[in-house]
Amino acid sequence: MNLEWGGGTILIGVEKQEDDPFYSVKGIDDADKISSDIASQCASVFNKPIRPSIRTEDIDGKKVIIVDVTEAPQSDKPVFIRNKSLPRGAYRRIGSTDQKWLCAAYF
């Protein structure tokens, strides 16, 4: 999936190796609860509900959650954290950082 535009994928239960471009599987406990919490938060925390695809994979005997998020339709943008409103509740992922959304840069 395109990480700049078009949505993205979140991996939970992996860890980036120092001085290595690869990730190692660490696994997580209670994958069902975490998946449920993610779905609930996505449905209620933002100004528009987000409906990600959430699945759990077993890799080398360890649980990893994979969350695929599609890009919001243009009519729903920007998506932001409801209780923070705009512009404080909107962020843009750039590389490995979360950048505060700048209204002027959006248009």
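Residues numbered from 1 in each chain as written. Predicted model: local features only at pLDDT ≥ 70, side-chain atom pairs only at ≥ 80, totals over all residues. Heavy atoms only, no water.

Caption draft 1: A look at the environment of Asp58. Tracing the backbone through its elements, the reader meets Asp58 in strand β4 (residues 53-59). Separated by 33 residues in sequence, Asp58 and Val25 place their C-alpha atoms 10.0 Å apart. Looking at Asp58, its side chain comes within polar contact range of the main-chain nitrogen of Gly61, at 3.0 Å. (Helix = DSSP H or I, 4+ residues; strand = E, 2+ residues; numbered from the N terminus. Polar contact = N/O pair within 3.5 Å; in protein donor to acceptor, adjacent residues only side chain to side chain.)

Caption draft 2: Fine view of the nonpolar core. Counting residues in each nonpolar core, the largest one holds seven residues, listed as Ile28, Ala31, Ile38, Cys42, Ile50, Ile65 and Val67. For this core, the leading source of residues is helix α1 (residues 31-44), giving three residues. (Core = buried A, V, L, I, M, F, W, Y, C linked by side-chain atoms within 4.5 Å. Buried < 20%, exposed > 50% of the residue type's maximum accessible area, 1.4 Å probe, protein only.)

Caption draft 3: Structural detail: α1. With 14 residues, α1 ought to run about 20 Å at 1.5 Å a step, and its terminal C-alpha atoms sit 20 Å apart, in line with that. For α1, the full list of buried residues reads Ala31, Ser35, Ile38 and Cys42. The buried residues of α1 occupy an angular sector of 60° when projected down its axis, which confines them to one face. Tucked inside the fold, the buried residues of α1 contact β1 (7-12), β4 and β5 (62-70). (Expected span 1.5 Å × (residues − 1). Arc of directions from axis to C-beta. Contact = heavy atoms within 4.5 Å.)

Caption draft 4: Molecular detail of the environment of Asp68. In this fold, Asp68 is placed in strand β5. Owing to a relative accessible area of 17%, Asp68 belongs among the buried residues under this scheme. Along the sequence, Asp68 and Asp58 sit 10 residues apart, while their C-alpha atoms lie 17 Å from each other. Of the polar contacts made by the side chain of Asp68, one reaches the side chain of Thr9; its length is 2.6 Å.

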